[in-house]
Amino acid sequence: EPEVTQTPSHQVTQMGQEVILRCVPISNHLYFYWYRQILGQKVEFLVSFYNNEISEKSEIFDDQFSVERPDGSNFTLKIRSTKLEDSAMYFCASSDVRWVIQYFGAGTRLSVL
Amino acid sequence: GESVGLHLPTLSVQEGDNSIINCAYSNSASDYFIWYKQESGKGPQFIIDIRSNMDKRQGQRVTVLLNKTVKHLSLQIAATQPGDSAVYFCAERNMGNTPLVFGKGTRLSVIA
């Protein structure tokens, strides 16, 4: 069964450092998403991406965040200067139709020290 | 504003019994709902979805019921198994192409 894969599974970084979280969406999907889940809290929408551009973004997705699809398979989330409060699980998801069934990866746990 | 919430944060059921997990939503304009299951250390896994023009949808061992009058969504799991132990959360979509809004989740514990 096709799945969304994310790397790394755990990323530890120092405050102020840049991190790049990587995702390989399901191959025939056209819509890509990043979500965040702070420990014990709700899954929160960050950004959606379609046709090589951001289609929606939340208030969380400020200038410190960026997304990119550098090639035909990868989808990345970059945080330019990490803050302690960026510590969370980051999930990538993809779908073949916009805003319906989204398939999630296993997540990257980001720990900012 | 939009909000999705859950009546019970934890639910313990005996193996073999049926489970009912509830979700309240406040946005009457929501037109699409999804249930996800999240096991420890894993990403959310799609279970079942339902559109607002339906009030019931069945899958394998799962049924989702939608009551738009009281803005309530439930997930029923038949013959609950130990492998069903996880956090379950619902998500809603406001009418049209807008981001999903997720609830906090209910932890289901299956007692063998």
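For the structure itself, consult the block above.
Criteria and thresholds
- Residues numbered from 1 in each chain as written.
- Chains lettered and ligands numbered in written order.
- Predicted model: local features only at pLDDT ≥ 70, side-chain atom pairs only at ≥ 80, totals over all residues.
- Heavy atoms only, no water.
- Disulfide = S-S within 2.5 Å.
- Helix = DSSP H or I, 4+ residues; strand = E, 2+ residues; numbered from the N terminus.
- Buried < 20%, exposed > 50% of the residue type's maximum accessible area, 1.4 Å probe, protein only.
- Pairing = 2+ DSSP bridges.

Chemist: Looking at this structure, how should I read the state of the cysteines?
Modeler: Counted under the stated rule, the structure contains two disulfides over all chains. Each sulfur of the disulfide joining A:Cys23 and A:Cys92 lies 2.0 Å from the other. Here the disulfide of A:Cys23 and A:Cys92 is left-handed, its torsion about the S-S bond being about -65°. Of this pair, A:Cys23 sits in strand β3 (residues 19-24) while A:Cys92 sits in strand β9 (residues 88-95), and the two are 69 residues apart along the sequence. Across the pair, A:Cys92 and A:Cys23 agree in class, each one buried. Disulfide pairing is shown between B:Cys23 and B:Cys90; the S-S distance is 1.8 Å. Between B:Cys23 and B:Cys90, the S-S dihedral sits near 45°, and the bridge is therefore right-handed.

Chemist: Explanation requested: the pairing of strand β7 (residues 62-67) of chain B in the structure shown.
Modeler: Residue and element names in this part refer to chain B. Relative to β7, strand β6 (residues 56-58) is paired through three bridges, and the arrangement is antiparallel. Residue pairing for β7: Arg57 is matched across the bridge by Val64. Counting the residues that bridge the hairpin from β6 to β7 gives three residues, and of these Arg61 lies at a positive phi of roughly 70°. In this structure, the hairpin formed by β7 and strand β8 (residues 72-77) is closed by a connection of four residues, where Lys71 is found at a positive phi of approximately 55°.

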